Amino acid sequence: MRSKSFNPTRRGFLRGVGVTMALPFLESLSPVGRALAQGTQTGALGPNGEPVRFATFFMPNGVNPREWTPNAKGGKLGELPRILKPLDALKEHINVISGITNPGNGHNLGTASFLTGRSPFKTPKPSAVNVHNPSLDQVIGEALKESSVFPTLELGMGGPANGVNAMGATNIYMSYISWKNARTPVPYEVNPQRAFDRLFKSASTTSKGGSGGDSSKMPDSSVIDAVLEDAKALEKKLGREDRSKLDEYFTAVREVEERIAQQNAVVGLKITEDVLKDILRLKGDVREHMSGQKGGRFQSQPKIPQPEYGRLMMDILALSFWSNSTRSATLSFGNGFQGGGNMSFLNGVNSAHHPASHHGFKKDKLEQFTMINTFYMEQYAYLLNRLKNMTEGSSNVLENSVVLFGSNISTGQAHNGKNIPVILSGNAGGRLKSGKHIVTKNQPIGDLHRSILGLMNVDKKFGQGSGTVKGI
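Keep in mind that what you see is a predicted model, and the values were worked out from it rather than measured.

Asks: Kindly report on the nonpolar core, identifying the contributing residues and their values.
Replies: Core analysis: the largest hydrophobic core is formed by 76 residues, its most contacted members being M21, L87 and I423. Judged by nonpolar contacts, the second largest core, of 31 residues, contains A44, L144, L448 and V469.

Shown next as structure tokens:
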């Protein structure tokens, strides 16, 4: 491949045979980045023209408020309570926000309203779902789609809930936080391999024959090896610091590849190309039968230990930001009811996530719920640290991001959307001052959404009203 195959005037890509790989922000190419960034749909920028990104980390079932709320009067974050302790070293990058109200109420409607800001139309019929407007991540992705490869990235663990809940509403609402429009939920990818390939590989093996055709790739070589020739050509154009940064990026990508390969070995994924063709043909048939329509979505949850499963997904999300493959991503730790499922992998916990949230203030159950909450904060801290350690320009990806943590309800015991747990992390390229506890009083989550749109420099009308959260 000749060096001219890399065309920085269009976008930061490396290309190989059947492979496209996005690049992180590089100082040597920053004039081009700034030129692209000056368009009408590029959103907020960091100090050196780096793109600002938005991510959502969704955890269902609420928290134990007794071990969650920091200094009651608000202001600068001091000593963090027990559940927030994993974020101690990241205090300068986080804002804890109290008093936010999620209008959906409950596990079901509250999940759908978390990013839409509107209480969904209550119906038992999947065909009649209506959340009134697209979700925040989709609005941001659509507005910034010209400045990334994928407008949005949806990742998750577990699967959707079926049927109708006890209050008479379809469980479609409980299954998705991301909505393309008022009536169309966006399923999240539960398979780390497929998520990785979507971002970094375009090579595919396509099944032929039969009505259930599908495409996938053969995980037989590193994406880095495929683009190595183009990378060598690019390195000649870069300064010393950017060459070092590119090496760091490649190391991170290869590490995720190796970990995914290890997980595939554990579940026995050893297939030849011919076998893959038949599997893909069957996969298409299964999807059609399971969904009742051609091209329907059907996914099975990988057999990966929950902590590593989550971290694989967070690494993929972080790489998608570092490479600017997307600027809007969501990560759902289960649906709005089950959450992480059985949490007995935690020492001292012998319960599933949802039953633990209905603790009745019994000491043992409340302790288990608190331990589960703390585990999710450890996971959230992992994501923030990954972003923080990804350097770009004079800053890092966390400083050039807005990372929302939240839940559909306040706590399983209260079972409503008043005072849901919310953390807003990152610095939005210098637009967001952090290290605070922001106290509001029954403020609609839609006000928080509009504040985030402002941080992202996305000028779109969203939800009901026009309010924002003071201090953001």
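Asks: I'd like to hear about the pattern of salt bridges, residue by residue, with values.
Replies: Tallying each qualifying case throughout the model produces nine salt bridges. A salt bridge links D88 to K91; its shortest N-O distance comes to 3.8 Å. Taking relative accessible area as the criterion, D88 reaches 33% and is therefore assigned partly exposed. Here R450 makes a salt bridge to D447, at a shortest N to O gap of 2.6 Å. You can see R450 and its partner D447 sitting in helix α13 (residues 445-455), three residues apart, about one turn around the helix. Classification of D447 by relative accessible area gives buried; the value is 10%.

Asks: Requested: an account of the sheet that holds strand β6 (residues 153-157), with residues and values cited.
Replies: Judged by pairing direction, the sheet is mixed, and its eight strands sit side by side in the order β4-β16-β5-β15-β14-β3-β11-β6 without closing on themselves. The sheet is open, and its two edges are formed by β4 (75-76) and β6, each paired on a single side. Note that strand β5 (residues 94-101) and strand β16 (residues 436-444) share six bridges and pair parallel. Its bridge partner lying in β16, I97 is registered against I438.

Asks: Go over the environment of G78, please, and point to the residues and values.
Replies: Inspection of the secondary structure assignment puts G78 in the loop between β4 and β5. The exposure class assigned to G78 is partly exposed, which follows from its relative accessible area of 30%. On a C-alpha basis, the gap between G78 and D88 in space is 9.4 Å, while along the polypeptide they are ten residues apart. For G78, the contacting residues outside a window of four places in its chain are N71 and K91.

Rules used in this analysis
- Residues numbered from 1 in each chain as written.
- Predicted model: local features only at pLDDT ≥ 70, side-chain atom pairs only at ≥ 80, totals over all residues.
- Heavy atoms only, no water.
- Core = buried A, V, L, I, M, F, W, Y, C linked by side-chain atoms within 4.5 Å.
- Buried < 20%, exposed > 50% of the residue type's maximum accessible area, 1.4 Å probe, protein only.
- Salt bridge = Lys/Arg side-chain N within 4 Å of Asp/Glu carboxyl O.
- Helix = DSSP H or I, 4+ residues; strand = E, 2+ residues; numbered from the N terminus.
- Pairing = 2+ DSSP bridges.
- Contact = heavy atoms within 4.5 Å.

Taken by themselves, the reported measurements are silent on function.
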